[in-house]
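Read off the chains here:
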Amino acid sequence: MKHEMITTKNLEITFGTKKILNDITFQVKENEIFGFLGPSGAGKTTTIKILTKQLKQTKGICEVNAKIKNIGILSDNSGAYERLTVYRNLCFFAELTQTNIKQVEKILKQVKLWEDKDKKVKDLSKGMKQRLLLACAVIHHPKLLFLDEPTAALDPATTEEIHKLLFELRKDGTTIFLTTHNMEEADKMCDRIAFLNKGKIVEIGKPDDLKLKYSNNNIKITFEDNTEIIVKKDNDSIINSLKDKSKKVLSIHSLEPNLAEIFLSLTGRDLK
Ligand SMILES: Nc1ncnc2c1ncn2[C@@H]1O[C@H](COP(=O)(O)OP(=O)(O)OP(=O)(O)O)[C@@H](O)[C@H]1O
Ligand SMILES: [Mg+2]
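Only a predicted model underlies this, so the values are computations on that prediction, with no experimental measurement involved. (Residues numbered from 1 in each chain as written. Chains lettered and ligands numbered in written order. Predicted model: local features only at pLDDT ≥ 70, side-chain atom pairs only at ≥ 80, totals over all residues.)

### Thoughts on the sheet that holds strand E2 (residues 18-29)
Hydrogen bonding along the main chain pairs the strands of a sheet, whether they run parallel or antiparallel. The strand order across the open sheet formed by three strands is E2-E1-E4, and the pairing between neighbours is antiparallel. One side of each edge strand has no neighbouring strand; the edge strands of this open sheet are E2 and strand E4 (59-64). Each strand axis lies, on average, 15° off the axis of its neighbour in the sheet, ignoring direction. In terms of strand pairing, strand E1 (residues 4-15) meets E2 through eight bridges, oriented antiparallel. When the bridges of E2 are listed, Leu11 appears paired with Ile24. (Pairing = 2+ DSSP bridges. Helix = DSSP H or I, 4+ residues; strand = E, 2+ residues; numbered from the N terminus. Axes fitted to C-alpha atoms, helices over the stretch in contact; angles between N-to-C directions.)

### A closer look at helix H5 (residues 156-171)
The terminal C-alpha atoms of H5, which comprises 16 residues, lie 22 Å apart, in line with the 22 Å expected from a rise of 1.5 Å per residue. Every buried residue of H5 is accounted for by Ile162, Leu166 and Leu169. Buried positions in H5, seen along its axis, are confined to an arc of 60° and lie on one side of it. Facing away from the buried side of H5, by more than 90 degrees, are the exposed residues Pro156, Ala157, Glu168 and Lys171. One or two positions beyond H5, positive phi appears at Gly173, with a value near 105°. (Expected span 1.5 Å × (residues − 1). Buried ≥ 20, exposed ≤ 12 C-beta atoms within 10 Å, placed from the backbone. Arc of directions from axis to C-beta.)

### Considering the site of ligand 1
Every residue close to ligand 1 is listed here: Phe15, Ile20, Gly38, Ser40, Gly41, Ala42, Gly43, Lys44, Thr45 and Thr46. Of all the elements, helix H1 (residues 44-51) adds the most residues to the shell around ligand 1, at three residues. Taken together, the residues of the shell around ligand 1 sort by class into three nonpolar, six polar and one charged. (Near = placed C-beta within 6 Å. Nonpolar A, V, L, I, M, F, W, Y, C, P; charged D, E, K, R; others polar.)

### Here we look at unusual backbone geometry
Of note in the backbone geometry, Gln98 takes a positive phi value of approximately 55° without being a glycine. Here Gln98 is to be found in the loop between helix H2 (86-96) and helix H3 (102-110). Its 8 C-beta neighbours within 10 Å are what place Gln98 among the exposed residues. Of note in the backbone geometry, Asn226 takes a positive phi value of approximately 70° without being a glycine. In this fold, Asn226 is placed in the loop between strand E10 (218-223) and strand E11 (228-232).

### Section: the sheet that holds E10
Taken together, the three strands give an open sheet; going across it, the order is E11-E10-E12, and neighbouring strands pair in antiparallel fashion. Pairing within the sheet leaves two strands with one partner each, and these edge strands are E11 and strand E12 (249-254). Strand-to-strand twist of the sheet, defined as the mean angle between neighbouring strand axes without regard to direction, takes the value 20°. With five bridges joining them, E10 and E11 adopt antiparallel strand pairing. Paired with Thr222 across the strands is Glu228, a residue of E11.

### Side note on the pairing of E1
Counted between consecutive antiparallel strands, the loop separating E1 from E2 contains two residues, among which Gly16 sits at a positive phi close to 65°. With five bridges connecting them, E1 and E4 associate as antiparallel partners. Note on E4: the bridge partner recorded for Ile6 is Val64.

### Remarks on the domain arrangement of the protein
Domain annotation of the protein identifies domain 1 (4-210) and domain 2 (216-255). Taking only C-alpha atoms into account, the centre of domain 1 sits 43 Å from that of domain 2. (Domains from an automatic or database assignment.)

### Some remarks on the packing of helix H4 (residues 126-138) against H5
In the contact formed by H4 and H5, the axes pass within 10 Å of each other and the chain directions differ by 10°. When the axes of H4 and H5 are compared, the pair comes out roughly parallel. Within the contact between the two elements, H4 uses Gly127, Arg131, Leu134 and Val138 and H5 uses Thr158, Ile162, Leu165 and Leu169. Residues that form the contact of H4 with H5 fall into these classes: five nonpolar, two polar and one charged. (Parallel < 35°, antiparallel > 145°, perpendicular 65-115°, else oblique. Contact = placed C-beta atoms within 7 Å.)

Below is the structure:
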């Protein structure tokens, strides 16, 4: 039985007179990759700040089942020492978290920065710097990792490398809470996701379950002559549409909505 790593119940935060998070309730299980999705200003970073005790909620319960030394954080305000080399930065983080120095080489190879280990941080590209910050966040092999938009503005190859590393961490037992605007990323990476809109969770579940739940039950049949028809996903409709034996079927696809379309249908808003 997997334990809950994070539990929040009716969480609220008010800044001045504005309620920024409202009635936030969710659980994250041990070893899960949990995605928190929402447009800019929805309250994603604020939620991470409460979960990592950088902010105190106004109301509600927030329980995180990991000691501070077993937590890793990558956020907007994560930084590295610009004038130090990549290698020295990681040595510093290793020392800070009482991690064996041997891990420095291992993690630098994992994030593909070993060849660049003697470069100063100020001379790194954006993607390299992001990989360094991720390496710093995970060098102590955290049980729980918070990632605030880990791949925002990165190129597809760097994004792919970061995704691979996250899957490896998960395989080794790390629980990951990540925020993103990127629906494909969420779909690929997350065991479960929550949609956040204007400080409220509007839906929560496994990506595939949500796609089924919001599917309009249509399938698309494409014939060899490239004509297409859309029919209801029931046997009678499908059989009827295939009665014309002279037309050969090329493909049959279910027309499931993607996560961005589900969010749009729930909120009337784009995720960007
Ligand atoms: N310390 C603060 N004081 C007042 N308002 C704040 C504070 N921190 C955040 N907010 C407000 O809370 C709302 C949510 O901000 P938050 O940074 O959590 O959004 P987000 O979902 O992370 O957005 P983005 O995708 O742009 O990073 C915004 O309206 C923001 O202005
Ligand atoms: Mg944010």
